[in-house]
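The chain contents come next:
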Amino acid sequence: MYQYRQSGDTYVVSIDNHEEIVAALAQFCTEQGILSGRIDGIGAVNSATLRFLDPVTKKYVDRTFDEQMEIAALVGNISEKDGKVYLHLHATFGRRDYTAVAGHLLCSRVNGACEVFVTRHACPVGRRFDEETGLNLYQF
Ligand code: FE
């Protein structure tokens, strides 16, 4: 699913071709016991499902893009909810015509390569559901 190399608190992760990125990162963080940290990566995919939260209705609008795209930026954080790894990922994808789509990342399939830095933070961070926003917010 992936290969990695560790350097201190940072892991260099190469997600295998045709793997689903969010599942691969969740598995990696779970296996390494990373419950707090940050993620940034680049690569290429042939599908991505992005999510937009309407703050008025608190409803999610999901949209899938089935096309070859560059991962211009994959950014996110790692925390813990209900004892499990909780990933919050956003991504910007570059299309063939050099326009971009972006949003909260639900899933995306590698088609080419996906190179990610995962940095572990020492302090664990949890989340709780917030009624006002409809979001799982940090709980300090
Ligand atoms: Fe988000």
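The shown structure was predicted, so the numbers you read here are calculated from the model rather than taken from an experiment.

(A) Fine view of the coordination of the iron ion. Looking at the metal site, the iron ion is ligated by His88 (NE2), His90 (NE2) and His104 (ND1), spaced 2.1 to 2.2 Å from it. Relative accessible area serves as the criterion here: at 37%, His90 is assigned to the partly exposed category. You can call His104 partly exposed: its relative accessible area is 24%.

(B) Fine view of the nonpolar core. Residues Leu25, Leu74, Phe93 and Val118 are the most contacted members of the largest nonpolar core, which totals 30 residues. Mapped onto this core, the elements with two or more residues apiece are strand E2 (10–15), helix H1 (21–32), strand E3 (37–54), strand E5 (69–81), strand E6 (84–94) and strand E7 (100–120). Non-local contacts of Val118, meaning those with residues more than four positions away in its chain, are made with Asp9, Thr10, Tyr11, Val13, Leu25, Phe28, Cys29, Ile34, Arg38, Ile39 and Ile78.

(C) Structural detail: unusual backbone geometry. Not every positive phi belongs to a glycine, and His18 is a case in point at roughly 75°. Along the chain, the position of His18 falls in the loop between E2 and H1. Taking relative accessible area as the criterion, His18 reaches 48% and is therefore assigned partly exposed. A positive phi angle is found at Lys58, which is not glycine, with a value near 60°. Relative to the helices and strands, Lys58 is located in the loop between E3 and strand E4 (59–65).

(D) Quick peek at the pairing of E2. The side-chain alternation of E2 yields one buried face, formed by Tyr11, Val13 and Ile15, and one unburied face, formed by Thr10, Val12 and Ser14. Of the pairings in the sheet, the one linking strand E1 (residues 2–7) to E2 comprises six bridges and is antiparallel in character. The residue bridging Tyr2 from the neighbouring strand is Ile15, located in E2. One ladder, built from six bridges, connects E2 with E7; its direction is antiparallel. Paired with Ile15 across the two strands is Cys114, which belongs to E7.

(E) The arrangement of the pattern of salt bridges in detail. Enumeration over the complete set of coordinates arrives at four salt bridges. Close ionic contact of Lys81 with Asp82 constitutes a salt bridge, the shortest N to O distance being 3.3 Å. In this structure, the salt-bridge partner of Arg128 is Asp130, at a minimum N-O distance of 3.7 Å.

(F) Representation of the side chain of Asp130 within the structure. Within the secondary structure, Asp130 is located in strand E8 (residues 126–130). Judged by relative accessible area, which is 14%, Asp130 ranks as buried. At 2.7 Å, the side chain of Asp130 and the side chain of Thr133 are in polar contact. Beyond its immediate sequence surroundings of up to four residues, Asp130 is in contact with Leu135 and Leu137.

Criteria and cut-off values
Residues numbered from 1 in each chain as written. Predicted model: local features only at pLDDT ≥ 70, side-chain atom pairs only at ≥ 80, totals over all residues. Heavy atoms only, no water. Donors = N, O, S within 2.8 Å, 3.2 Å for Na, K, Ca; no water. Buried < 20%, exposed > 50% of the residue type's maximum accessible area, 1.4 Å probe, protein only. Core = buried A, V, L, I, M, F, W, Y, C linked by side-chain atoms within 4.5 Å. Helix = DSSP H or I, 4+ residues; strand = E, 2+ residues; numbered from the N terminus. Contact = heavy atoms within 4.5 Å. Pairing = 2+ DSSP bridges. Salt bridge = Lys/Arg side-chain N within 4 Å of Asp/Glu carboxyl O. Polar contact = N/O pair within 3.5 Å; in protein donor to acceptor, adjacent residues only side chain to side chain.

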